[in-house]
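Coordinates in review
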Amino acid sequence: MGIITLLLVVLAPVVLLSLPAPVHHAAATPVVAVEDNQKQIETLLISCDLTSFLPMASATSSEMYTNILNTIDSSNSTTTDGYLKWLTSATGIGSGAEGASSSSSASKNNETKYYYHGKIYLPTRADSCYGMAFHWGVDKERSTIRIAVAVKAQGWAAFGTSLTGGMVGSDIVYFESSSTTSTASSTNIIEGTFVMEPSSSNETSTTSSSSSFGSIHDAHVLDYNGRPMLDDGAERQDWTLMGSQKTHDGYLIFEAERALDTGDSQDLPIVDDSIPFVSHHKIIGAWGDSPTIFYHGNNRVQSSIQFFPNNEQVTGTPPGTGQEERSDNVYNVFLSEMNRRSEGYVDLILDSYNVLLQRTRYENVCFSQANLTDFGLPLVTEDGINSKLYLVGYEFLIPTMCTKYLHHIVVYGMTAAFNTNPNKCSFISSNPAFGWTPGEDFAYFPDNSGIALGGTSGFNAFISQYHFDNKDMDAGVSCDGSGVRMYFTTQPQEHEIGTVQIGDPLVGLKGMKIGKGFTEHTFDCPSTCSDYMFSGAPGGKVTVIGETLHMHSLGKKIVNQVVRNGRVIHEAKSDFWDFAQTGLKAVQQRPYTLQTGDQFLTTCFYKASDTDVFGFGSHEEMCMAFLFYFPRQDSILASTCGTNPDLKYYIPKCFASHNSKALDSVDDLGRTFGSLLPLGGTGGTTGPVTPTQTPVIDEETPTAASSYDGGRIMWCIINAVSILVIFLLLL
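Rules used in this analysis
Residues numbered from 1 in each chain as written. Predicted model: local features only at pLDDT ≥ 70, side-chain atom pairs only at ≥ 80, totals over all residues. Heavy atoms only, no water. Pairing = 2+ DSSP bridges. Helix = DSSP H or I, 4+ residues; strand = E, 2+ residues; numbered from the N terminus. Disulfide = S-S within 2.5 Å. Buried < 20%, exposed > 50% of the residue type's maximum accessible area, 1.4 Å probe, protein only. Contact = heavy atoms within 4.5 Å. Phe/Tyr/Trp six-rings, centres within 6.5 Å; stacked < 30°, edge-to-face > 60°. Salt bridge = Lys/Arg side-chain N within 4 Å of Asp/Glu carboxyl O.

1. Remarks on the sheet that holds strand β8 (residues 170-176)
The 6 strands lie next to each other as β12-β11-β8-β7-β15-β16, forming an open sheet whose pairing is antiparallel. A single partner strand is all that each edge strand has here, and the edge strands are β12 (229-230) and β16 (300-305). Sheet topology places strand β7 (residues 156-162) next to β8; 7 bridges connect them, and they run antiparallel. Bridge pairing in β8 places G160 opposite I172.

2. Regarding the state of the cysteines
For the structure on display, the rule yields 5 disulfides. Between C402 and C479 runs a disulfide, and the two sulfur atoms are separated by 1.8 Å. Sign of the S-S torsion, about 95 degrees for the bond between C402 and C479, identifies this disulfide as right-handed. On the criterion of sequence distance, the pair formed by C402 in the loop between β19 (388-397) and β20 (406-415) and C479 in the loop between β24 (459-469) and β25 (483-489) is long-range, its members being 77 residues apart. The buried category is assigned to C479, whose relative accessible area is 0%. The disulfide partner of C529 is C654, and the S-S distance across this bridge is 2.1 Å. Disulfide C529-C654: the torsion about the S-S bond is 95 degrees, which places it as right-handed. Of this pair, C529 sits in helix α7 (residues 527-534) while C654 sits in the loop between α8 (645-650) and β36 (657-662), placing them 125 residues apart in sequence. We note that C529, like C654, is buried.

3. Observations concerning the environment of L669
Along the chain, L669 turns up in the loop between β36 and α9 (726-729). Of the residues examined, L669 reaches a relative accessible area of 2% and is grouped as buried. Sequence spacing of L669 and I558 is 111 residues, and the spatial spacing of their C-alpha atoms is 9.7 Å. Those residues in contact with L669, other than ones at most four positions away along the chain, are F518, K556, K557, F605 and L663.

4. Quick notes on the packing of aromatic side chains
Under the counting rule described, the total for this entry stands at 22 aromatic pairs. On the basis of an interplanar angle of 5 degrees and a centroid distance of 5.9 Å, the ring pair of Y466 and F468 is categorised as stacked. The residues Y466 and F468 share a single accessibility class, namely buried. With 5.7 Å between their ring centres and 85 degrees between their planes, Y606 and F614 make a pair best called edge-to-face. Exposure class is identical for Y606 and F614. Each is buried.

5. Quick word on the pattern of salt bridges
The tally for this structure, following the rule as stated, stands at 21 salt bridges. Residues D139 and R142 are paired through a salt bridge, measuring 3.9 Å at the closest nitrogen-oxygen approach. Owing to a relative accessible area of 8%, D139 belongs among the buried residues under this scheme. For R142, a relative accessible area of 45% corresponds to the partly exposed category. Linked by salt bridges that have partners in common, D139, R142, R146 and E257 make up one network.

Structure, rendered in C-alpha cells:
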C-alpha cells in the first residue's frame with residue numbers, strides 16, 4: 001500500500017470536509033469563435049478612436065484596410081504620410097502588390113515580397129486606448145527577422161524579447177530620435193540597480209537608410225528594472241535600422257532587422273515556434289516623448305506571440321491571396337484550435353467567495369463526477385455507461401480585481417478507477433493535471449493528444465486548489481468567477497498525456513533556511529526512480545513534450561538536467577528569474593526521450609537573507625520542475641520524486657537527495673545570457689540551441705515525436721505545490 005493510500009485512509013474525512021460544496025458553473029457550451037474575439041478588439045479600437053489600428057484585430061483584413069483607406073483618403077488628403085499609409089505599403093494590404101514601397105519591400109524574380117506577415121496591437125495596462133502596434137516577418141531563407149514598431153510618441157520606442165516576461169533577463173532593441181544618448185555600461189551595473197552615465201563618443205548606432213533619422217541600439221537587461229545596457233562593442237550591435245519616420249497623425253515608426261540567432265551571448269535567439277511543442281515568445285515594449293530613452297511610466301506593454309508563420313502560411317505573401325497567416329495573437333490561435341478540435345467546454349469556477357484576511361490561504365473545491373455530468377460533460381451515457389473523453393485545452397478565468405491575490409491555481413484530477421463514488425472527490429487517486437500562475441492563462445495540446453477523462457483510467461472528478469496571498473490584508477475582495485474553462489472532445493486521441501514532478505515538489509525542506517547571500521541548491525533524483533516510473537512503458541521509454549520550472553521571488557536561476565550513464569543528455573534552464581512576472585518558466589525545446597535508468601538533477605540558485613526559508617507560502621521558497629509526457633503511466637505513484645521523508649520510507653526509489661553550497665557573488669551563477677562569450681556560438685538561450693532551431697538533445701530521435709502534424713503547445717503548465725495536498729491541511 002503506497003503513501004497516498006496509507007495517509008488518506010486515515011485522513012480522507014478531514015480532506016473531504018475541507019472541500020467547499022460545488023459552485024456555480026456553465027454548462028457544456030460551444031466554443032467561442034475567433035471572429036467574436038476579433039469583434040471585441042475592433043469595438044475597443046473604434047471606441048478608443050484608434051481606427052488606424054483596426055487591422056490589428058483581424059488576420060485577414062484586406063477589405064477592412066481598403067474600406068478605411070477609402071474613407072480616410074476621401075475626407076482628408078493629409079493622411080498621405082500617416083501610419084495607415086505606411087502600413088499598406090509595408091504589408092501590401094488594401095493596395096495590392098503595386099502598393100509596396102521600395103523602403104518596405106524587396107523584389108525577387110519580378111515579384112514583390114512583403115516583410116511583415118505578423119501583427120498585433122498591444123494596449124497598456126493603465127489605458128487600453130493607448131498602446132503599441134507591432135509588426136514582424138521571418139525570412140527563413142536568410143535566417144533573419146524584420147520588425148516594425150509604431151507608437152503615438154515623438155522621442156523613442158523600444159521592443160524586446162524576455163526570458164521572464166518582463167524587463168529582467170530581456171534582449172532589447174531601442175530607437176532614439178536623437179543621435180546622442182546616455183547609457184549604462186556593463187561596468188557600472190550593481191546587483192538589482194543601475195547607474196546612468198554619459199555615453200562615450202564612439203557609441204555605436206546602425207542605419208541603412210539615408211532618409212531615416214535617429215539611431216538604433218542593441219541592448220539587454222540583467223537583474224534589475226531600469227535602463228537597458230548596450231551590448232558590448234560595435235561587433236555586438238546586431239540590429240540594422242531599415243527605416244524610421246514621424247507621421248502626420250502623430251506616430252513614431254521604426255523598422256529594423258537582425259539574424260534569428262546572432263551567435264551573441266548578449267542576445268536571445270528567435271526560435272521556430274510554429275512547430276509542435278515549442279512555446280511562444282514573451283515580448284515587451286515601451287516608448288516616450290524624450291529624444292533619448294528614459295523612464296517609460298505607464299507607456300509599456302507585454303504579451304506573448306508566435307514569431308514563425310505556421311506551416312500553411314507563406315512568408316512574404318500579401319493578405320487577400322488565401323495564403324496569409326492565421327492570427328498571430330496567441331489567444332486567437334488558441335481559440336482557433338479549440339474551435340477546430342473541441343466539441344464544447346465546461347467552467348469550474350468560484351461563486352460568492354471573498355478573500356480572507358490571511359497572508360496564505362489554500363481553498364480546495366471539489367467537482368465530482370456527478371457535478372461534471374450536471375454541468376454537461378458527457379462522462380456517463382444515458383444507458384449509464386462510463387464514456388471516455390479527452391481534454392484538449394483549457395483557459396483560466398481570472399477577474400482583474402482578483403489577480404493581486406491569487407498566487408496560483410492547481411487543478412488535480414481524480415482517476416476513475418479509484419475515485420468510485422460519483423458524489424465525492426478523493427485525493428487517493430489524485431494527480432496534478434494543469435494549473436495557472438500570473439501570465440500563463442491558456443494552453444492546448446498538440447493534435448491527436450490530450451488528457452483522458454472518464455472511462456476506466458481517465459479523470460472523472462477534479463479538485464481546484466486556490467492559493468490566495470493577501471499580503472496587504474485587504475478586506476472585501478471578491479474572486480467570484482475565478483477558475484478554469486476546460487475544452488473537451490469525444491474523439492479518440494492517440495496519445496494520453498501524464499505528468500511528472502521532480503526537484504522538491506512536496507517541499508520536504510519546509511522550514512529549512514536557504515542561506516544568506518547567493519546559494520546553490522541541487523536535488524538529485526536517482527536513476528531508480530525512472531526505473532520505477534517508466535518500467536511499464538514500451539521499451540521503458542516515454543516522450544517528454546513539455547517542461548516547466550518553478551521558484552519563488554528569491555530565485556535567480558534554475559536548471560533541470562537529465563543524466564544518462566554519467567552524461568548530461570538534456571538541459572532545461574532559465575538564466576534569469578522574475579517571480580513578479582511569472583511563476584513558471586516554460587522551456588522552448590523539442591520533445592525528448594526519457595527512459596529507465598535516467599537521473600534528474602534540479603538546481604536552483606537564490607539570493608536570500610539569513611532568515612529566509614523554504615516553504616509553501618509565496619514569501620517562502622520552492623524548487624521544482626514539471627514534465628508532461630506520453631504515454632501516461634497508470635500508477636498514481638509514478639509521478640513524484642522529492643525530498644519528503646515519507647517518500648523515503650514508502651517509495652525509497654524516488655527519494656531525492658539534497659545538497660547546497662554558498663556562492664561568492666552573482667558571477668558564480670554561471671549565466672550564459674548577458675555574458676561575454678566568444679561570438680559565433682549560440683545566444684542567451686534556455687538550452688543548447690542551433691540557429692533557428694529549438695534545443696537539440698544528444699541522443700536518438702524522440703519516439704513518435706514526428707507523428708504529430710500540427711498544433712503548437714502554448715504551455716502554461718503548473719506550479720503545483722504537492723500531489724499530497726493534505727500536507728497543506730496539516731500546517
